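# What the coordinates show
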Amino acid sequence: HDDEQQEIAAKFIQNEGKTQRSDGWMPEWTAIEPLTKFYQAEGYHQNYWQKQRPRFVVILGLLAVATGVLDPFVPLALQKTVENAANAAVLVIGLYVALERVLDAKVVEI
C-alpha cells in the first residue's frame, strides 16, 4: 500500500475503532502492517465456489443414486451396476479434485 492508503486505513480505524460490527469484530483489533510480498492464490483456489458448487451437486446426486434412490426405476439386474458406477464416479471426482491441487499449485508473486 502507499502512504495515502495507509492514512485512509488509519483514519477509518481511528473513527470506527470503537464501533462493533454486526459480526462482533471490532475495527480496533485490525493492525495496519507494512506491505510485504504478496502471492496470488493457486489456480485451484480461483473462482472456488463457482467450481465447487456444481461438483457438490453432482456428488450429492451420485451418492443418492449409489444408495438406491433410482432402484424403483432401474431393472433389478442393473441396480448394483448403476450403484457401483455412481460410487466409482464419486471416487473419480475426488481423485480429480486432489490431482487438480497438485497440477495447479503454481505460486505467483504479485
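Use the structure listed above.
Here's a quick rundown of the structure. Predicted model only: the values in this text are computed from it and were never measured. (Residues numbered from 1 in each chain as written. Predicted model: local features only at pLDDT ≥ 70, side-chain atom pairs only at ≥ 80, totals over all residues. Heavy atoms only, no water.)

### Some points on the overall build of the protein chain
The helix and strand tally for the protein chain stands at three helices and two strands. Relative to the 2.2 N^0.38 estimate, which gives 13 Å for 110 residues, the radius of gyration of the protein chain is 24 Å and therefore markedly larger than a compact globule would have. Dimensions of the protein chain, computed from the C-alpha atoms along their principal axes, are close to 70 × 35 × 15 Å. Of all 110 residues assigned to the protein chain, the portion counted as buried reaches 17%. A fraction of 53% describes how many contacts in the protein chain between residues 6 or more apart in sequence connect residues 24 or more apart. Working note: accessible area of the protein chain is about 8800 Å², and carbon and sulfur atoms make up 62% of it. Positive and negative side-chain charges in the protein chain, numbering 10 and 14 respectively, have mean positions lying 7 Å apart. (Helix = DSSP H or I, 4+ residues; strand = E, 2+ residues; numbered from the N terminus. Rg over C-alpha atoms; globule rule 2.2 N^0.38 Å. Buried < 20%, exposed > 50% of the residue type's maximum accessible area, 1.4 Å probe, protein only. Contact = heavy atoms within 4.5 Å. Areas by Shrake-Rupley, 256 points an atom, 1.4 Å probe, with all protein chains shown as cover. Lys, Arg positive; Asp, Glu negative; His and termini not counted. Charge placed at Lys NZ, Arg CZ, Asp CG, Glu CD.)

### Considerations on helix H1 (residues 3-16)
Between its terminal C-alpha atoms H1 stretches 20 Å, which fits the 20 Å expected from 14 residues at 1.5 Å a residue. Backbone nitrogen of Glu4 and a side-chain oxygen of the N-cap are separated by 3.2 Å at the start of H1; the cap is Asp2. (Expected span 1.5 Å × (residues − 1). Polar contact = N/O pair within 3.5 Å; in protein donor to acceptor, adjacent residues only side chain to side chain.)

### Brief notes about the nonpolar core
In this structure, Leu62, Val65, Ala66, Ala86, Val90, Ile93 and Val97 together form the largest nonpolar core, which totals seven residues. For this core, the secondary structure elements donating two or more residues are helix H2 (48-66) and helix H3 (76-103). At four residues, H3 tops the list of elements feeding residues into this core. Residues contacting Val90, with those up to four places away along its chain left out, are Ile59, Leu62 and Leu63. (Core = buried A, V, L, I, M, F, W, Y, C linked by side-chain atoms within 4.5 Å.)

From the geometry alone we can't say anything about function, so treat these as descriptive.
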